[in-house]
Amino acid sequence: MSDLFDFKPKPKNFAVMGNPVDHSKSPTIHSFFAQQCGVDLEYGRIQVDVGGFEQAVSHFQAHDGAGLNITVPFKVEAWQLCQKTNNQLSKRAQLAQSVNTLKFERDGSIFGDNTDGFGMIHDIQHNIGCILRNQKVLIVGAGGAVRGVLGPLIECQPQSVTIANRTPSKAHELAEQFANPLILATGLEKTDPEGYDLIVNGSSASLHNALPGIDVSCIRSSTLVYDMMYASQPTLFMKWALSHGAAGVFDGLGMLVEQAAESFFIWHNKRPDSCSVIEALKKL
Ligand code: ATR
């Protein structure tokens, strides 16, 4: 049949935008989800130079783009873009002051959301089985990654969330901004020697194959340890925690897949089965 009579709708266009993006697993994850849910889509990688973010987004939108995932270093710029007139931001993205999901609406406006916190909490509670209510949590780092998960973490009603950071003033600033009595702040060496139920590494130390420098007394025999980073091998932080008696250690692969599942839901209104995708990625 001639193309003239081929009315099959074109697949919708999605991509991950950041710098670098060449190792991003997002295209693989979204194509697994698309197969599962019977959605026809194209999902690419767009590397953008610093300074060129807004232009790149406009270009993608103008060329039939339906949605973008935003990664390092553009999540704050994406949040700023969504604050402009006519655009919209979810509550959780407002709180996180960063956006990892853009949806291009038919009227030309942009909706921005942040699914990172949801992804981490869903992974910890549903996949790992650690219910956060009444848990004593230590979170290491006070940058964008930690800001992004604090809101959803607090919604789980933990006993407390202590932010420990190399530069203590940044931990205090972040705690003050959230102004929640459950959130405490301290320096890396001043954590509670009685330990924590859950320790989350949200610092970028693992990216540099370094340890963030918290004291071993944070770890009890029942402590679970979660590194937001993932790699093919356990991170240095995970190895360190295991060697000091942690009950279990987990990397950020589950968080990556769960945040993607939530983006997929925002775009397609369908919820994929993320557990099978986490298992499939481990085998690649
Ligand atoms: P992101 O947006 O990924 O969170 P960021 O805003 O640069 O990145 O924040 C990185 C976080 O990791 C910071 O909390 C940083 O501590 P400082 O505020 O003192 O800079 C923390 N960090 C980075 N490298 C670290 C290291 N080697 N040891 C401990 N903390 C580290």
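Computed from a prediction, not measured in an experiment: that's the story for all the values here.

1. Concerning the pairing of strand S5 (residues 101-104)
Here's step 1: Alignment of strand S3 (residues 65-70) against S5, held across 3 bridges, turns out to be antiparallel. When the bridges of S5 are listed, Leu68 appears paired with Leu102.
Here's step 2: As judged from the 4 bridges shared by S5 and strand S6 (residues 110-113), these two strands associate in the antiparallel manner. Within S6, the position partnered with Phe104 by the bridge is Ile110.
Here's step 3: In this structure, the hairpin formed by S5 and S6 is closed by a connection of 5 residues, where Gly108 is found at a positive phi of approximately 95°.

2. Digging into the domain arrangement of the chain
Here's step 1: Domain annotation for the chain reports domain 1 (12-114 + 255-283) and domain 2 (117-251).
Here's step 2: Distance from the C-alpha centre of domain 1 to the C-alpha centre of domain 2: 25 Å.
Here's step 3: On the domain 2 side, the residues contacting the 14 residues of domain 1 number 16 residues.
Here's step 4: Summed over both sides, the interface of domain 1 with domain 2 buries roughly 1200 Å², with 62% coming from carbon and sulfur.
Here's step 5: Of all residues in domain 1, the largest losses of buried area upon contact with domain 2 belong to Leu95, Met255 and Glu258, amounting jointly to 48% of the total for that side.
Here's step 6: Taken together, the connections running from domain 1 to domain 2 amount to 0 salt bridges.
Here's step 7: Where domain 1 meets domain 2, there are 3 residue pairs in polar contact (both at pLDDT 80 or more).
Here's step 8: For the side of domain 1 that touches domain 2, the elements supplying multiple residues, two or more each, are helix H4 (91-96), helix H9 (253-268) and helix H10 (274-283).
Here's step 9: With 5 residues, H9 is the largest single contributor of residues to the side of domain 1 that touches domain 2.
Here's step 10: In terms of residue class, the side of domain 1 that touches domain 2 is made up of 6 nonpolar, 3 polar and 5 charged.

3. Describing H10
Here's step 1: When we look at burial in H10, the residues that qualify are Ser274, Val277, Ile278 and Leu281. The arc that holds every buried residue of H10, seen down its axis, measures 105°, which confines them to one face. Along H10, the residues that are exposed and aim more than 90 degrees away from the buried face are Lys282 and Lys283.
Here's step 2: If you follow the buried residues of H10, they end up packed against helix H1 (26-37), helix H5 (116-127) and H9.
Here's step 3: At the N-terminal end of H10, a side-chain oxygen is found 3.3 Å from the backbone nitrogen of Cys275, two or three residues along, and the residue is Asp273.

How each quantity is defined
- Residues numbered from 1 in each chain as written.
- Predicted model: local features only at pLDDT ≥ 70, side-chain atom pairs only at ≥ 80, totals over all residues.
- Heavy atoms only, no water.
- Pairing = 2+ DSSP bridges.
- Helix = DSSP H or I, 4+ residues; strand = E, 2+ residues; numbered from the N terminus.
- Domains from an automatic or database assignment.
- Contact = heavy atoms within 4.5 Å.
- Buried area = accessible area lost by both parts, 1.4 Å probe.
- Salt bridge = Lys/Arg side-chain N within 4 Å of Asp/Glu carboxyl O.
- Polar contact = N/O pair within 3.5 Å; in protein donor to acceptor, adjacent residues only side chain to side chain.
- Nonpolar A, V, L, I, M, F, W, Y, C, P; charged D, E, K, R; others polar.
- Buried < 20%, exposed > 50% of the residue type's maximum accessible area, 1.4 Å probe, protein only.
- Arc of directions from axis to C-beta.

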